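Single-letter residue listing:
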Amino acid sequence: MVVLAKPSSLNQTSLLKPQKPTSPYNYTIPIVDLSDPISCPSSIVKACEDLGFFKVTNHGISPSLMSFLESEALKFFSLPQSHKDTAGPPSPFGYGNKKIGSNGDVGWLEYLLFNISSPTSLPLFLTHPSSSSLRFALSEYTAAMGRVVGEVLELMADGLKIKPRDALSKLVVNEESDKVFRLNHYPPCPLLQGLNNCSLTGFGEHTDPQVLSVLRSNNTAGLQIALRDGSWVGVPPDQDSLFINVGDTLQVLTNGRFKSVRHRVLSNGLSSRVSMIYFGGPAPGERLAPLPQLMREGEQSLYKEFTWFEYKTSAYKTRLADNRLSVFERE
Ligand code: GA4
């Protein structure tokens, strides 16, 4: 057995993982070209059934908006630690450093988490004049993401051949919908450089709770998704595209036909990764159950009925890697 001498600052968080040498990109991630309305609906459905994950190209979001938000985020993350700490700790929103959630999960990252459902819930530091560019970038970008989520869910309804077209999208685009946004910064880890066959857990494996999440990252690798057989594959970074995850809620709405995808971020500690993720969730009082239009004759729901508020209350008591739907499964 090889015992790795862990740099002391990493011991505490046990984020180092010995890595099996694998070819980095041994799986082709499905691509959905939004400029091709004919093939989109069926390719979205196939990707959600096979993997719960796909890449979107020709999404219409301007590259300058994406890089503007990325540079504003980096400006914030380059501030002195004492300054950033005034925007935290996240409860659950605000600035966080290494700690994820409140049940002991940690990762090699710092982040900003926003509730963007209501303008009054923006953190105090964003109301300061020195944050006006970040605030502007966030509001433009999250509005654009809301439109992407709505469009993808309408195309998904077309692909599933269900009516009305907004059967899924209406859950996440209304005023009360629970919309969350996350800016992640995975800094380089100089202590890891030179340790071969070792990687660092940036964000541990988990599924997203919501209906859909939309991720954009810079060109630094790290994101991995689990295939149905449990094996992990790397997602080649592509800063011009968006990546979509099926969340737990969509798994329920489709009665398990689509599975929420387990994913994680592992880094090699060499370069900084920045990702921005929009999470489209339903309104707190929304009752979640499989859509009747999707149920075959005699098909039973795999889940007890619950509201998004009930799911979230239970989710915040879990660890990142837990299966958060198991408590709602029918025996
Ligand atoms: C995972 C997906 C999103 O990043 C997130 C995370 C949230 C948090 O960071 O506060 C949670 C996690 C996420 C699921 C279980 C709970 C809540 C941390 C955690 C341990 C913002 C979300 O919505 O759920």
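Because the structure is a prediction, the values reported are computed rather than measured. (Residues numbered from 1 in each chain as written. Predicted model: local features only at pLDDT ≥ 70, side-chain atom pairs only at ≥ 80, totals over all residues.)

### A look at the overall build of the protein
Within the protein, the regular secondary structure consists of eight helices and 15 strands. C-alpha atoms of the protein, sized along the principal axes, occupy 60 × 55 × 40 Å. (Helix = DSSP H or I, 4+ residues; strand = E, 2+ residues; numbered from the N terminus.)

### Concerning the site of the ligand
Within the structure, the ligand sits among 16 residues, and Pro92, Gly101, Asp208, Ala315 and Leu320 are positioned closest to it. Mapped by element, the contributors of at least two residues to the shell around the ligand are β5 (105-115) and β6 (179-186). Broken down by class, the residue content of the shell around the ligand amounts to nine nonpolar, four polar and three charged. (Near = placed C-beta within 6 Å. Nonpolar A, V, L, I, M, F, W, Y, C, P; charged D, E, K, R; others polar.)

### Regarding the nonpolar core
Counting 79 residues, the largest nonpolar core has Ile44 and Val214 as its most contacted members. Among the elements that take part in this core, helix α5 (residues 132-160) stands out by supplying 13 residues, more than any other. Residues in contact with Val214, not counting those within four places in the same chain, are Met145, Val148, Val149, Leu242, Ile244, Ile277 and Tyr278. (Core = buried A, V, L, I, M, F, W, Y, C linked by C-beta atoms within 7 Å. Buried ≥ 20, exposed ≤ 12 C-beta atoms within 10 Å, placed from the backbone. Contact = placed C-beta atoms within 7 Å.)

### Regarding the pairing of strand β13 (residues 273-280)
Among the eight residues of β13, eight are classified as buried, and the element is accordingly described as predominantly covered. Side chains of β13 alternate between two faces, with Arg273, Ser275, Ile277 and Phe279 and Val274, Met276, Tyr278 and Gly280 buried alike.

### So, the packing of helix α3 (residues 63-77) against α5
Between α3 and α5, the shortest axis-to-axis distance is 9 Å and the interhelical angle comes to 140°. The orientation of α3 relative to α5 falls into the category oblique. Crossing handedness for the pair α3 and α5: left-handed. When α3 is examined against α5, the residues Leu65, Phe68, Leu69, Glu72 and Phe76 are found in contact with a partner set consisting of Ser133, Leu134, Ala137, Leu138, Glu140, Tyr141 and Ala144. (Axes fitted to C-alpha atoms, helices over the stretch in contact; angles between N-to-C directions. Parallel < 35°, antiparallel > 145°, perpendicular 65-115°, else oblique. Left-handed = near helix turned anticlockwise from the far one by under 90°.)

### What to know about the UniProt feature "domain: Fe2OG dioxygenase" (unreviewed entry) in the protein
When the UniProt feature table is mapped onto this chain, "domain: Fe2OG dioxygenase" (unreviewed entry) is found at residues 176-282. As a span, residues 176-282 carries 6% helix and 45% strand, and end to end its C-alpha atoms are 8 Å apart. (UniProt positions renumbered as here; feature names shortened; annotations may be inferred.)

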